[in-house]
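So you can see what is in the structure, the chains are spelled out below.
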There are 2 protein chains.
Amino acid sequence: MRLAIDVMGGDHAPDAILKGCVEALQVISPDDRLVLVGKRRVIEEYLDDVGVRDPRLETLHADDVIEMGDEPAKAVRGKPESSIVKMMLAGSAKYESLVPQRCDAVLSAGNTGACVSASIMHMKRLPGVHRPGIAVTIPALTGNLVLCDAGANPEPKPTHLWQYAIMSSCLAEKCLGIANPRVALMNIGSEDSKGSAEIKAARDLIRATPGINYIGYIEGREFFEGVADVVITDGFVGNTLLKMAEGLAKSLFKAIAQEIFETDPHLAMQFEPVVKRIYAKNDYHEHGGAPLLGVNGICLIAHGSSEARTIKAAVRNAKRYIESGLNDEIVARLDAAERVVQPQREYA
Amino acid sequence: MRLAIDVMGGDHAPDAILKGCVEALQVISPDDRLVLVGKRRVIEEYLDDVGVRDPRLETLHADDVIEMGDEPAKAVRGKPESSIVKMMLAGSAKYESLVPQRCDAVLSAGNTGACVSASIMHMKRLPGVHRPGIAVTIPALTGNLVLCDAGANPEPKPTHLWQYAIMSSCLAEKCLGIANPRVALMNIGSEDSKGSAEIKAARDLIRATPGINYIGYIEGREFFEGVADVVITDGFVGNTLLKMAEGLAKSLFKAIAQEIFETDPHLAMQFEPVVKRIYAKNDYHEHGGAPLLGVNGICLIAHGSSEARTIKAAVRNAKRYIESGLNDEIVARLDAAERVVQPQREYA
């Protein structure tokens, strides 16, 4: 495996990212390579400080950084020397002359919009794909759940949602080992009559596609009840839901801890390990690196607040994605679906 | 107060609704009236069974019921004798000849879409209102939070969101006693560059309106952190977020309880009262009955899974809404805003 990692992107970059890369050396093979993309001086200083010299760590110098608040498309065009852009080049087939060796996968915890833009621009889309979507694996208390799209495409057309259903099914099968994954479409009611014309059009496309185990609409209430393996929604809703779930879980644990502490400080001490075990069982850091489905390569987008262990987990996950044959399966399944289902022009 | 209540609507109707009405007799005045709208025989049998005869309970017979799965607009047109339609007539100025006395407010836990449709059709909108929106008060761990729209208008235009900001500010001030409420707009990033053209247009309208304390975009993560008093979003996102928060909180408490039980059954017993206190402090049933802001009257929409105590709380809340002078304030504030801010035609 040859994995390019943007060490400049993320709330805790570059230190947490570099620390994660060093820790990941424990879980990769002797012939794997981590290509650290960022300012050479920063990278070298860090490695000197921690005293690490390992032939599996390479550096690809990038002089510029796309900040979290930069406007994505503009930043990608305006900062060709940024770590995100150079990382995507390293992962693309097109620019093999510019970077020594094409990487099998790329990983960034930086500006998500810029990653999506740069990935589409340089890695390009897989044949037949309209718009790539981010598929996040959520440890949803009752088991793993794939949510797509988590923020790449806030205003998808029905055909985009349809392709997310196909691609996410492939992901659940190939990478999470879920046979015949149950696919649901997020809506504000479970009845067939509910929802916008776009959602109904997406539903009709998904339902008409052989090989998708479509189980119907899902409401927010059922999200954590384990009724579906794959949930399809637009990037605005997906992103908002993810962030809200994260915030609510945190606030709720805090409220419980406070209430317990006020009741009996001794009880609070007993409660602490319980919370830790629940966190460990449902640790989203373990799922670090959500694939941008539909690009020609493996592009992993990590949480902005990624810590070293998130990056370490993402490196491990990258290997699984590379070896899964996911993209070949996606291309074949999309092609088969296009032969059977004919989307109406207005929804394409 | 004269309050019409749809006793046929809701997952636990009619029994839970009727029980709630009977319990509400404890909290209303001698000259208040609850007008029970539904099948006369069902209502009379229930009251006979529980042995209640109270002059404050009146019955308005409705022969038909709009089911939860009915397509809203179609059901409202096709079932003129339904409890929802007859309740809205009782609350409207127009049909005073048909029903003995106009009610000051109406309340239903039935099909939300049908309530919105019937309310707009019969109660009509307040002067200047484009589209009514549901404003739910959420006990958000750190304090009360108004979320609008919670499901009346899944695809709002920027002017609708703008009016929700104005109307919800009035609600927070007049009914929740929050001075100068902090208003935020839900988005997938906090930076000004983020979001669709529609969200940016809504932001510009809200920002330009004197009297709105606009604090910027809010992401899902901050929802439970107490940074805003009013959160504005489209009805799809609002509805999904609400349901998800409900489901997640439930699932999380379940996971904690299970983990504690597996650790130490004795500890589980000590934990139970803590959970109960948190529930009590953040009980959404206490906020039963979310006003449909923008209709000419007080139309309260209760949670589909309303229990007797939800209805009892909603009756108490109805009185507060009626006495608040909310609608006069809304009309005045919308009028003042329209004089200052000129929405671009494409976003109106």
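A. A look at the sheet that holds strand E9 (residues 230-232) of chain A. Residue and element names in this part refer to chain A. Read from one edge of the open sheet, 11 strands run E3-E2-E1-E4-E11-E10-E5-E6-E9-E7-E8, paired in mixed fashion. Each edge of the open sheet is held by one strand with a lone partner, namely strand E3 (57-61) and strand E8 (213-218). Adjacent strand axes in the sheet meet at a mean angle of 25°, parallel and antiparallel pairs treated alike. Together, strand E1 (2-6), strand E2 (33-38), strand E4 (105-108), strand E10 (290-293) and strand E11 (298-301) form the strand contacts of helix H10 (residues 308-324), whose direction differs from that of E11 by roughly 155°.

B. Broad picture of the relation of the copies chain A and chain B. Turning chain A through 179° and shifting it by 0.0 Å along the axis lays it on chain B, with an RMSD of 0.1 Å. In the structure described here, the two chain copies are related by an operation that fits a two-fold rotation axis. Most of the interface of chain A is mirrored in chain B, where 100% of its interface residues are also at the interface.

C. Focus on the packing of helix H6 (residues 158-176) of chain A against H10 of chain A. Residues and elements named next belong to chain A. Following both chains from N to C, one finds H6 and H10 inclined at 110°, their axes separated by 9 Å at the closest point. If you check the angle between H6 and H10, you find them roughly perpendicular. Two secondary-structure elements touch here, H6 through Leu-171, Lys-174, Cys-175 and Leu-176 and H10 through Arg-320, Tyr-321 and Ser-324. Among the residues forming the contact of H6 with H10, the class breakdown is four nonpolar, one polar and two charged.

D. Quick look at the pattern of salt bridges. Residue and element names in this part refer to chain B. Under the counting rule described, the total for this entry stands at 46 salt bridges over all chains. Here Arg-2 ties to Glu-58 by a salt bridge, and the two come within 2.8 Å at their closest N and O atoms. On the criterion of sequence distance, the pair formed by Arg-2 in strand E1 (residues 2-6) and Glu-58 in strand E3 (residues 57-61) is long-range, its members being 56 residues apart. Exposure remark for Arg-2: the relative accessible area of 9% places this residue in the buried category. Of the residues examined, Glu-58 reaches a relative accessible area of 26% and is grouped as partly exposed.

E. Expanded view of helix H10 (residues 308-324) of chain B. Look at H10 of chain B: 25 Å from first C-alpha to last across 17 residues, which is about the 24 Å you get at 1.5 Å a residue. Among all positions in H10 of chain B, only Ala-308, Thr-310, Ile-311, Ala-313, Ala-314, Val-315, Asn-317, Ala-318, Lys-319, Tyr-321 and Ser-324 of chain B are buried.

F. Region of the structure containing the environment of Glu-286 of chain B. Residues and elements named next belong to chain B. Relative to the assigned elements, Glu-286 resides in the loop between helix H9 (265-281) and strand E10 (290-293). Each C-alpha atom of the pair Glu-286 and Leu-334 lies 29 Å from the other, and the pair is 48 residues apart in sequence. If we skip the residues at most four places from it in the chain, Glu-286 touches Ala-313, Arg-316 and Asn-317. Here Arg-316 takes part through its side chain, which lies 2.9 Å from a polar atom of the side chain of Glu-286.

G. Fine view of the interface of chain A and chain B. The interface is formed by 53 residues belonging to chain A together with 53 residues belonging to chain B. In total, about 4800 Å² of surface goes out of reach between chain A and chain B, with carbon and sulfur atoms giving 71% of it. Our enumeration of links across chain A and chain B arrives at six salt bridges. Of all the secondary-structure elements, those providing two or more residues to the side of chain A that touches chain B are helix H7 (197-207), helix H8 (235-263) and helix H9 (265-281) of chain A. Considering each element in turn, the side of chain A that touches chain B owes the most residues, 23 residues, to H8 of chain A. Among the residues forming the side of chain A that touches chain B, the class breakdown is 24 nonpolar, 13 polar and 16 charged.

Rules used throughout
- Residues numbered from 1 in each chain as written.
- Chains lettered and ligands numbered in written order.
- Predicted model: local features only at pLDDT ≥ 70, side-chain atom pairs only at ≥ 80, totals over all residues.
- Heavy atoms only, no water.
- Pairing = 2+ DSSP bridges.
- Helix = DSSP H or I, 4+ residues; strand = E, 2+ residues; numbered from the N terminus.
- Axes fitted to C-alpha atoms, helices over the stretch in contact; angles between N-to-C directions.
- Contact = heavy atoms within 4.5 Å.
- Least-squares fit on C-alpha atoms with pLDDT ≥ 70 in both.
- Parallel < 35°, antiparallel > 145°, perpendicular 65-115°, else oblique.
- Nonpolar A, V, L, I, M, F, W, Y, C, P; charged D, E, K, R; others polar.
- Salt bridge = Lys/Arg side-chain N within 4 Å of Asp/Glu carboxyl O.
- Buried < 20%, exposed > 50% of the residue type's maximum accessible area, 1.4 Å probe, protein only.
- Expected span 1.5 Å × (residues − 1).
- Polar contact = N/O pair within 3.5 Å; in protein donor to acceptor, adjacent residues only side chain to side chain.
- Buried area = accessible area lost by both parts, 1.4 Å probe.

Without other data, these values stay purely geometric and don't point to any function.
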